[in-house]
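Structural overview for review
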There are 6 protein chains.
Amino acid sequence: MLISVINPNTTVSMTDQIAAAARSVAAPGTEIVGVTPTMGPASIESHYDEALAVPGLLDAIIRSERGDKPADGYLLACFGDPGLDAAREVSSAPVIGIAEAAMHAASLLGRGFSVVTTLGRTIGRAEELVDRYGMSKVCRGIHACEIPVLELESNPDTAAILIEACRSAAEEDGSDAIVLGCAGMADLAQLISEKIGVPVIDGVAAGTLLLQSLVTMRVRPNATGELASPPAKTYTGILSPFGS
Amino acid sequence: MLISVINPNTTVSMTDQIAAAARSVAAPGTEIVGVTPTMGPASIESHYDEALAVPGLLDAIIRSERGDKPADGYLLACFGDPGLDAAREVSSAPVIGIAEAAMHAASLLGRGFSVVTTLGRTIGRAEELVDRYGMSKVCRGIHACEIPVLELESNPDTAAILIEACRSAAEEDGSDAIVLGCAGMADLAQLISEKIGVPVIDGVAAGTLLLQSLVTMRVRPNATGELASPPAKTYTGILSPFGS
Amino acid sequence: MLISVINPNTTVSMTDQIAAAARSVAAPGTEIVGVTPTMGPASIESHYDEALAVPGLLDAIIRSERGDKPADGYLLACFGDPGLDAAREVSSAPVIGIAEAAMHAASLLGRGFSVVTTLGRTIGRAEELVDRYGMSKVCRGIHACEIPVLELESNPDTAAILIEACRSAAEEDGSDAIVLGCAGMADLAQLISEKIGVPVIDGVAAGTLLLQSLVTMRVRPNATGELASPPAKTYTGILSPFGS
Amino acid sequence: MLISVINPNTTVSMTDQIAAAARSVAAPGTEIVGVTPTMGPASIESHYDEALAVPGLLDAIIRSERGDKPADGYLLACFGDPGLDAAREVSSAPVIGIAEAAMHAASLLGRGFSVVTTLGRTIGRAEELVDRYGMSKVCRGIHACEIPVLELESNPDTAAILIEACRSAAEEDGSDAIVLGCAGMADLAQLISEKIGVPVIDGVAAGTLLLQSLVTMRVRPNATGELASPPAKTYTGILSPFGS
Amino acid sequence: MLISVINPNTTVSMTDQIAAAARSVAAPGTEIVGVTPTMGPASIESHYDEALAVPGLLDAIIRSERGDKPADGYLLACFGDPGLDAAREVSSAPVIGIAEAAMHAASLLGRGFSVVTTLGRTIGRAEELVDRYGMSKVCRGIHACEIPVLELESNPDTAAILIEACRSAAEEDGSDAIVLGCAGMADLAQLISEKIGVPVIDGVAAGTLLLQSLVTMRVRPNATGELASPPAKTYTGILSPFGS
Amino acid sequence: MLISVINPNTTVSMTDQIAAAARSVAAPGTEIVGVTPTMGPASIESHYDEALAVPGLLDAIIRSERGDKPADGYLLACFGDPGLDAAREVSSAPVIGIAEAAMHAASLLGRGFSVVTTLGRTIGRAEELVDRYGMSKVCRGIHACEIPVLELESNPDTAAILIEACRSAAEEDGSDAIVLGCAGMADLAQLISEKIGVPVIDGVAAGTLLLQSLVTMRVRPNATGELASPPAKTYTGILSPFGS
């Protein structure tokens with residue numbers, strides 16, 4: 001089984017870190033490939049960044065689909081789940097976003113969870129996803145730690161700040177679990193959980209395992225309807241394999 | 001007052017038609033400019049098309065913003081309201097989508113409205129927008145006429161098919177108004193309304209007038225928070241004015 | 001185009017102020033007439049006041065409808081939107097309430113707005129309207145400044161108190177816009193917005209512009225169904241033009 | 001214990017019928033007085049009728065409150081629950097509407113109920129009440145029998161038509177109970193229930209018993225907040241005991 | 001009329017207290033019998049306790065149903081409304097839970113109520129019931145006084161603690177009524193209400209009166225569908241009258 | 001890793017079938033043990049059956065927890081997810097229900113799914129779970145095939161009937177996936193999916209894989225709050241390890 005973990009931003013070191021997090025939970029027979037798109041922003045911290053990231057990640061999926069060994073599943077490793085619907089159209093295999101994965105997993109652990117994300121300006125998008133995934137009752141709060149995505153790795157205080165943010169979110173919201181709101185926090189989930197005594201869900205691990213589960217069940221998405229392949233047409237200023 | 005009506009697809013004849021529909025309702029002092037992005041699909045009929053259209057429409061807004069005479073408002077003239085949040089980040093003036101505009105206008109006319117759109121595969125996106133705009137109670141049904149976007153103009157039966165689709169939607173749903181689900185239907189709103197005796201809302205007209213209203217009220221969007229300008233960073237494979 | 005702005009209370013100086021606010025945003029060809037009903041309370045600060053105001057405002061609309069020059073649209077200029085459904089029954093032209101208008105306009109400006117109203121006892125009614133208009137997600141808070149309606153004009157501290165109330169509402173709720181909860185605050189919207197740096201929506205201006213927009217689109221409400229003319233019957237103790 | 005059953009329309013024979021329905025379920029120590037307002041429409045079949053009925057019913061409550069023997073509870077015997085909030089402001093005793101009463105009672109009988117009302121044009125108001133009372137999940141359908149209110153008594157086919165309408169509503173919706181949507185149907189509840197084998201709730205009986213229950217529990221509504229007495233002020237064209 | 005008030009726990013003194021509360025509001029012709037199941041926990045303070053209480057309370061209902069004088073209605077006197085659906089299946093008479101009864105009664109008194117319950121760990125279950133009964137808008141808060149169920153009677157500070165908890169809940173939430181979250185608080189409702197000036201609803205009284213109301217209306221639950229008698233089958237390790 | 005798959009009914013052949021379905025998807029290192037409670041109904045087709053099944057399944061979990069080799073996760077293999085909250089209280093490891101698992105998995109495959117269950121009388125419970133798990137928007141219909149649980153295995157037409165029911169559900173609802181509404185249908189998921197061309201989710205497989213995923217992530221549920229161990233007390237008529 002081959003799972004493609006797509007980092008929607010173009011920072012290769014982050015791709016490596018994300019792929020490692022995926023590999024650390026994958027079953028023996030599951031191969032993980034980390035993919036960095038050839039086009040897009042260095043990190044995703046705005047709706048604009050997300051919009052510019054989507055063509056690159058779709059291109060990465062289409063290349064895999066049309067390549068020698070298409071992946072059996074695709075994980076979109078950015079907490080905004082950018083381009084999820086479009087990715088499902090261009091893929092014949094299951095596609096999951098890490099926000100989606102983390103929220104579904106966290107909802108299995110009790111009455112409510114809290115999200116701890118990077119910048120406050122991303123909370124609006126997280127709220128939208130909470131609604132979309134039916135998590136309005138179970139998500140009790142979304143909190144920002146105000147560390148930019150690319151500083152998560154370099155800032156020496158990241159772990160301490162996140163531990164404190166997760167602890168206070170769990171207490172304030174009375175939550176049974178914490179969801180980490182950025183793929184760049186993947187390697188800290190276990191540590192934070194040990195420190196605060198509340199389960200902490202990282203979407204990269206959750207998404208890898210959910211995809212592996214869908215593939216194991218031999219689920220192939222519906223090839224007709226809303227998520228069928230895009231109709232062929234002319235595309236200007238960009239190359240598209242769906243061009244007529 | 002200058003209002004920029006952006007056709008998110010690259011079909012120039014459709015831009016012209018949309019701009020004409022906007023001009024037909026604009027007040028004397030309001031100048032309408034129709035804009036066709038330099039990059040994107042010929043029409044938008046899938047999530048993939050929408051994703052590929054967004055960078056082009058954002059580019060069009062940024063050029064206006066940084067040009068000699070920035071627009072006082074931007075209308076996104078595709079019923080999926082593609083890239084609306086990102087467009088608000090890069091614009092200092094109000095931005096409205098035509099689905100948003102049409103639904104809000106239709107909700108002022110009674111207890112419920114129906115949407116009549118192009119292809120059935122776009123209904124999922126329309127449902128999402130209905131939720132986002134708080135229209136779950138007031139939107140009583142979304143119906144497809146199954147005419148592709150670019151055939152709306154060329155198909156000699158378009159008017160007849162739409163009149164029938166709108167009539168049956170209004171009857172089946174008991175609706176007080178019809179919302180047209182594609183900018184390419186703008187020129188038919190008046191005719192359909194006369195034929196079926198129920199008000200028919202075209203989002204291009206509604207959006208032009210709502211934008212004109214916001215500008216008249218001298219409303220400038222909040223420049224801080226979620227919709228502030230994107231933070232500067234490196235962009236790969238694309239030129240971005242927000243690059244550092 | 002003739003727009004009738006109906007002040008549902010009987011205080012003529014307030015009618016004048018409201019009509020002036022409407023005129024200040026109306027297009028050159030739009031005539032505004034301010035109407036004071038012949039019957040009702042001096043101000044509306046309770047459900048009881050609202051109930052006693054409705055027959056008078058309906059009477060004003062019916063007189064216009066049956067007069068020489070019926071209005072092309074009616075604005076109900078009280079934030080409780082009193083008698084809105086009944087007004088739509090007796091009018092052949094569009095009718096909008098200022099709460100409805102202000103909330104729809106504010107929702108176009110971002111992820112959420114806050115309402116700042118007069119007395120705390122009116123919050124329940126505002127909550128009801130938030131639900132009715134589908135604004136539950138986008139309305140983030142309703143706050144009272146505790147200045148009675150008729151004191152808004154005479155109290156020398158009104159502007160200062162409202163500026164402070166709007167500023168703290170925007171901060172506390174993280175809102176992208178403020179909605180003013182009383183027609184008597186119409187003349188302060190611009191000032192407050194300048195002071196707090198957040199757009200402030202007055203329903204009188206918003207309603208006037210939305211009505212003007214509907215009329216420009218030549219929308220006539222559905223004459224059948226729930227909002228058709230009332231059936232004829234006997235009315236006791238009151239004269240009604242719908243009496244048989 | 002004295003319960004005032006207010007028929008919001010001015011048809012005295014209907015008041016008598018409603019009071020009889022209330023008396024038929026009241027406990028031995030409970031006195032029922034049927035009240036016909038001095039002002040209002042002969043029946044309520046539109047929002048306009050409802051608006052014109054409210055001042056008369058509020059006047060009836062205020063007279064009782066200021067009389068020698070104020071009632072211990074007031075029942076508003078029209079399925080639109082007209083003026084409910086205002087009635088609570090002017091009363092120091094509990095006030096219930098028959099739609100409210102019937103829906104709450106029916107919700108105690110299983111997973112879902114259906115409403116069978118008079119004219120189709122009243123369905124919109126019933127939908128609003130379903131939302132207001134939290135019955136969106138439990139109310140599975142609202143159906144009209146298209147018999148006008150005042151014909152319910154005179155039409156020889158009323159019973160047959162209603163039995164059929166209730167039977168098909170219960171089957172179509174899979175409902176565990178039927179709610180009758182008009183006070184004028186009160187005397188048929190038992191008969192319909194026997195014919196269709198599904199419990200049928202009449203709001204006059206339900207409301208009388210719920211009021212009697214609240215009074216027995218010695219519940220007095222909160223005298224402060226939203227539903228406190230209206231503030232004193234000037235009323236024009238009408239006499240109001242709350243005038244200053 | 002015979003109403004069976006079932007205390008789902010096995011503490012007989014609590015059954016006596018609950019039956020007394022029911023008797024204090026029952027009409028002269030209504031006989032109240034308090035029932036203690038032969039199996040179950042001494043009090044219900046967890047989902048586990050609730051699960052172990054249900055077979056005993058169902059057994060008590062089935063014994064009544066198959067006895068000489070079946071009750072005309074059953075009240076489940078624990079605020080978790082344990083086994084309510086199953087109880088309705090095995091009973092041919094109406095069954096009500098005290099949470100259900102108290103919330104419906106409280107919702108008749110204004111815009112919102114607060115719940116004051118025993119231990120904080122029971123709040124999750126109360127939230128679930130709030131959703132189930134359509135009370136999401138009207139229930140403004142659920143608060144715990146942290147007194148265990150069986151200490152309510154013995155703790156000398158119970159009244160003082162509850163008065164304070166109810167007062168602060170009403171103030172914090174701006175509520176028009178308080179709902180007591182445990183059958184063991186039944187005898188304090190009147191006292192608390194007098195002290196805090198806000199109506200206080202005890203579910204035992206409310207449920208007794210609602211049941212009495214349903215029986216007076218001669219309502220018999222639907223005998224078909226979801227709540228029909230359980231189908232016969234083999235039961236292992238337990239005797240069941242529905243065994244084949 | 002040891003996963004305990006608990007069949008909440010007492011039919012051993014069904015336990016064997018369920019355990020086989022779990023084993024067929026489990027990873028090499030995952031041991032599956034199928035458990036049949038010592039007490040309960042032969043199948044679960046009513047709320048009553050569910051209520052009588054819960055003590056037995058809780059007993060099975062507690063025995064595992066206090067045994068030599070506690071399971072690392074528990075799957076409740078009945079589509080009503082009976083006793084889920086109580087099971088979480090008595091377990092220190094994750095507990096999942098198959099309805100919960102199947103709905104979450106199906107929601108990852110597109111815009112909407114349909115449920116196909118056994119008897120129509122179980123639809124009410126399924127609706128409740130749809131609400132609880134936030135699936136109101138994504139679940140588009142619940143359909144019954146009217147085959148009793150224990151006949152699923154013996155009825156020679158089971159496969160044909162289910163294929164037809166799933167096909168028509170997918171078409172009628174426009175669904176992207178089917179959820180099977182009974183553990184006894186587990187072995188048919190693959191066949192049905194092949195026949196109808198739409199993915200079919202069996203909760204036993206989905207639940208096994210989700211549990212395995214949570215255990216792989218080393219998630220341990222929060223040991224405090226609502227789902228902490230039950231407080232010690234006296235239990236009458238039953239032995240409970242939580243008795244004091």
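Residues numbered from 1 in each chain as written. Chains lettered and ligands numbered in written order. Predicted model: local features only at pLDDT ≥ 70, side-chain atom pairs only at ≥ 80, totals over all residues.

1. Quick notes on the overall build of chain A
Cut-off, in case you're wondering: Numbered from the N terminus, helices here are DSSP runs of H or I no shorter than four residues, and strands are runs of E no shorter than two. C-alpha atoms define the radius of gyration in this analysis, and the globule rule sets the expected value at 2.2 Å times the number of residues to the power 0.38. Each residue is classified by how many other C-beta atoms fall within 10 Å of its C-beta atom, where C-beta atoms are placed from the backbone; a count of 20 or more means buried, 12 or fewer means exposed, and values in between mean partly exposed. Once C-beta atoms have been placed from the backbone, residue pairs whose C-beta atoms lie within 7 Å are recorded as contacts.
A count of helical and extended segments in chain A gives nine helices and ten strands. In terms of C-alpha radius of gyration, chain A reaches 17 Å, essentially the compact-globule figure of 18 Å for 244 residues. For chain A, the C-alpha atoms occupy an extent of roughly 55 × 35 × 35 Å along the three principal directions. Within chain A, buried positions represent 66% of all 244 residues. Looking at chain A alone, contacts between residues at least 24 apart form 69% of all its contacts between residues at least 6 apart.

2. A short note on the packing of helix α4 (residues 98-107) of chain E against helix α9 (residues 203-216) of chain E
Residue and element names in this part refer to chain E. Defined as follows: Every axis in this analysis is a line fitted to C-alpha atoms, fitted for helices over the stretch in contact. Angles between the N-to-C directions lie between 0 and 180 degrees. Angles are sorted into four bins: roughly parallel if under 35 degrees, roughly antiparallel if over 145, roughly perpendicular if 65 to 115, and oblique for all others. Under the scheme applied, nonpolar residues are Ala, Val, Leu, Ile, Met, Phe, Trp, Tyr, Cys and Pro; charged residues are Asp, Glu, Lys and Arg; polar residues are all the others, including Gly.
One way to put it is that α4 packs onto α9 with a least axis distance of 8 Å and a crossing angle of 85°. Considered as vectors, α4 and α9 are oriented roughly perpendicular to each other. Touching I98, A99, A101, A102 and A105 of α4 are G203, V204, A206, G207 and L210, all from α9. When the residues that make up the contact of α4 with α9 are grouped by side-chain class, the tally is eight nonpolar, two polar and no charged.

3. Some words on the sheet that holds strand β2 (residues 31-35) of chain F
Strand pairs in the sheet, formed through backbone hydrogen bonds, run parallel or antiparallel to each other. Residue and element names in this part refer to chain F. What counts is decided by this rule: When DSSP locates at least two bridges between a pair of strands, those strands are taken to pair.
Read across the sheet, four strands follow the order β2-β1-β4-β5 without closing on themselves; strand pairing throughout is parallel. Each edge of the sheet is formed by a strand with only one pairing partner; in this case those strands are β2 and β5 (95-97). Each strand of the sheet is rotated relative to its neighbour by a mean of 20°, with strand direction disregarded. As paired elements, strand β4 (residues 73-76) and β5 share three bridges and run parallel to each other. Opposite Y74, over in β5, you have V95 as the bridge partner. Against the sheet, helix α2 (residues 47-66) makes contact with β1 (2-6), β2 and β4, and its axis sits at roughly 160° relative to β1, the strand it touches most. Set on the sheet, helix α4 (residues 98-107) makes contact with β4 and β5; between it and β5 the angle comes to about 75°.

4. Considering the interface of chain B and chain A
Taken together, the 39 residues of chain B in the interface contact 39 residues of chain A. At nine residues, helix α2 (residues 47-66) of chain B tops the list of elements feeding residues into the side of chain B that touches chain A. Residues that form the side of chain B that touches chain A fall into these classes: 17 nonpolar, 14 polar and eight charged.

5. Quick notes on the domain arrangement of chain A
All names here are of chain A. Spelled out, the test is: In this document the domain limits rely on a domain assignment from an automatic tool or a database.
In terms of domain boundaries, chain A breaks down into domain 1 (2-97 + 206-227) and domain 2 (99-203). The straight-line distance from the C-alpha centre of domain 1 to that of domain 2 is 21 Å. Contacts between the two partners involve 22 residues from domain 1, matched on the other side by 24 residues from domain 2. Elements with a minimum of two residues in the side of domain 1 that touches domain 2: α1 (12-23), β5 (95-97) and α9 (203-216). For the side of domain 1 that touches domain 2, the per-class residue count stands at eleven nonpolar, nine polar and two charged.

6. Quick notes on helix α5 (residues 123-132) of chain E
Residue and element names in this part refer to chain E. Spelled out, the test is: The directions from the helix axis to the C-beta atoms are what the arc is built from.
Of the positions making up α5, those classed as buried are I123, R125, A126, L129 and V130. One side of α5 holds all its buried residues, which, seen down the axis, span an arc of 155°. Looking at the buried positions of α5, the neighbouring elements they touch are α2 (47-66), α4, β6 (113-117) and β7 (139-144). Positive phi appears at G134, one or two residues downstream of α5, with a value of about 75°.

7. Quick word on the relation of the copies chain B and chain A
Put simply, the test is: The copies were overlaid by least squares, fitting only the C-alpha atoms of residues that reach a pLDDT of 70 or more in each copy.
Overlaying chain B with chain A gives an RMSD of 0.0 Å, the required rotation being 180° about an axis along which the chain moves by 0.0 Å. The transformation just described matches what one would write down for a two-fold rotation axis. Rotation axis and chain B: the residue whose C-alpha lies nearest the axis is A51 of chain B, separated from it by 3.7 Å. Residue by residue, 100% of the interface of chain B is reproduced at the interface of chain A, so both copies engage with the same surface.

8. As for the nonpolar core
The following threshold applies: To form a nonpolar core, buried Ala, Val, Leu, Ile, Met, Phe, Trp, Tyr and Cys residues must be joined through C-beta atoms within 7 Å.
Within the largest apolar cluster, 546 residues are counted, with the highest numbers of intra-cluster contacts made by I178 of chain A, I178 of chain B, I178 of chain C, I178 of chain D, I178 of chain E together with I178 of chain F. Leave out the neighbours within four places in its chain, and I178 of chain F touches F113, S114, V116, C166, A169, A170, V198, V200 and I201 of chain F.

9. Brief notes about unusual backbone geometry
Look at E146 of chain C: it is not a glycine, yet its phi comes out positive at around 60°. When you line up the elements, E146 of chain C lands in the loop between β7 (139-144) and α6 (151-154). Residue class for E146 of chain C comes out partly exposed when judged on the 13 C-beta atoms lying within 10 Å of it. One non-glycine residue, D81 of chain F, lies in the positive phi region at around 45°. One can find D81 of chain F in the loop between β4 and α3 (84-90). Residue class for D81 of chain F comes out buried when judged on the 28 C-beta atoms lying within 10 Å of it.

10. Overview of helix α8 (residues 189-196) of chain F
All names here are of chain F. Inspection of α8 places A189, I192, S193 and I196 among the buried residues, and these make up the whole buried set. Buried residues of α8, seen end-on, are gathered within an arc of 100° and therefore sit on one face of the element. Looking at the buried residues of α8, the elements they touch are α7 (158-173), β8 (177-180), β9 (200-201) and α9 (203-216). Positive backbone phi, approximately 70°, marks G197, located one or two places after α8.

11. Section: the packing of α7 of chain F against α8 of chain F
All names here are of chain F. Convention followed: By convention the crossing between two helices is left-handed if the near helix lies anticlockwise of the far one by an angle smaller than a right angle, and right-handed if it lies clockwise.
Relative orientation of the contacting elements α7 and α8 amounts to 55°, with a least axis distance of 10 Å. Classified by the angle between their axes, α7 and α8 sit oblique to one another. Seen from above, α7 lies across α8 with right-handed handedness. Of the residues in α8, those touching α7 at A159, L162, I163, C166, R167 and A170 are L191, I192, K195 and I196. Here the residues of the contact of α7 with α8 sort into eight nonpolar, no polar and two charged.

12. Notes on the pairing of β6 of chain E
Regular strands show a simple pattern: their side chains alternate between the two faces of the sheet. All names here are of chain E. Applied cut-off: Consider the strands pointing away from the viewer: the crossover is right-handed when the path from the first strand over the helix to the second runs clockwise.
With five of its five residues buried, β6 lies for the most part within the structure. Pairing between β6 and strand β8 (residues 177-180): four bridges, direction parallel. Paired with V115 across the strands is V179, a residue of β8. Looking at chain direction, β6 and β7 are connected through five bridges and run parallel. Within β7, the position partnered with T117 by the bridge is A144. Each parallel crossover has a hand, and for β6 linked through α5 to β7 it is right-handed.

13. Things to note about the arrangement of the chains
You won't find any contact between chain A and chain D; their C-alpha atoms come no closer than 16 Å. A minimum C-alpha distance of 16 Å separates chain C and chain F, which share no contact.

14. A word on the environment of I98 of chain B
Residues and elements named next belong to chain B. Tracing the sequence through the fold places I98 in helix α4 (residues 98-107). I98 gets classed as buried once you count the C-beta atoms within 10 Å, which come to 31. Here the alpha-carbon distance between I98 and V204, two residues 106 residues apart in the chain, equals 5.7 Å. Here I98 is in contact with L75, L76, A77, C78, F79, A183, G203, V204 and G207, once residues within four sequence places are set aside.

15. Some thoughts on the environment of D68 of chain A
Residues and elements named next belong to chain A. Relative to the elements of secondary structure, D68 occurs in the loop between α2 (47-66) and β4 (73-76). Since 5 C-beta atoms lie within 10 Å of it, D68 is described here as exposed. The spacing of D68 and A102 is 34 residues in sequence and 31 Å in space, taken between C-alpha atoms.

16. Here's the deal with the sheet that holds β8 of chain F
All names here are of chain F. Spatial strand order, β7-β6-β8-β9: four strands in an open sheet with parallel pairing. This sheet does not close on itself; its edge strands, each paired only once, are β7 (139-144) and β9. Strand contacts of α4: β6 (113-117), β7, β8 and β9, with the helix running at about 175° to β8, the strand carrying the most contacts. Across the sheet, helix α5 (residues 123-132) touches β6 and β7, and the angle it forms with β7 is around 160°.

17. Section: the environment of H104 of chain A
Relative to the helices and strands, H104 of chain A resides in helix α4 (residues 98-107). Sequence-wise, H104 of chain A and M135 of chain A are 31 residues apart; in three dimensions their C-alpha atoms are separated by 8.3 Å.

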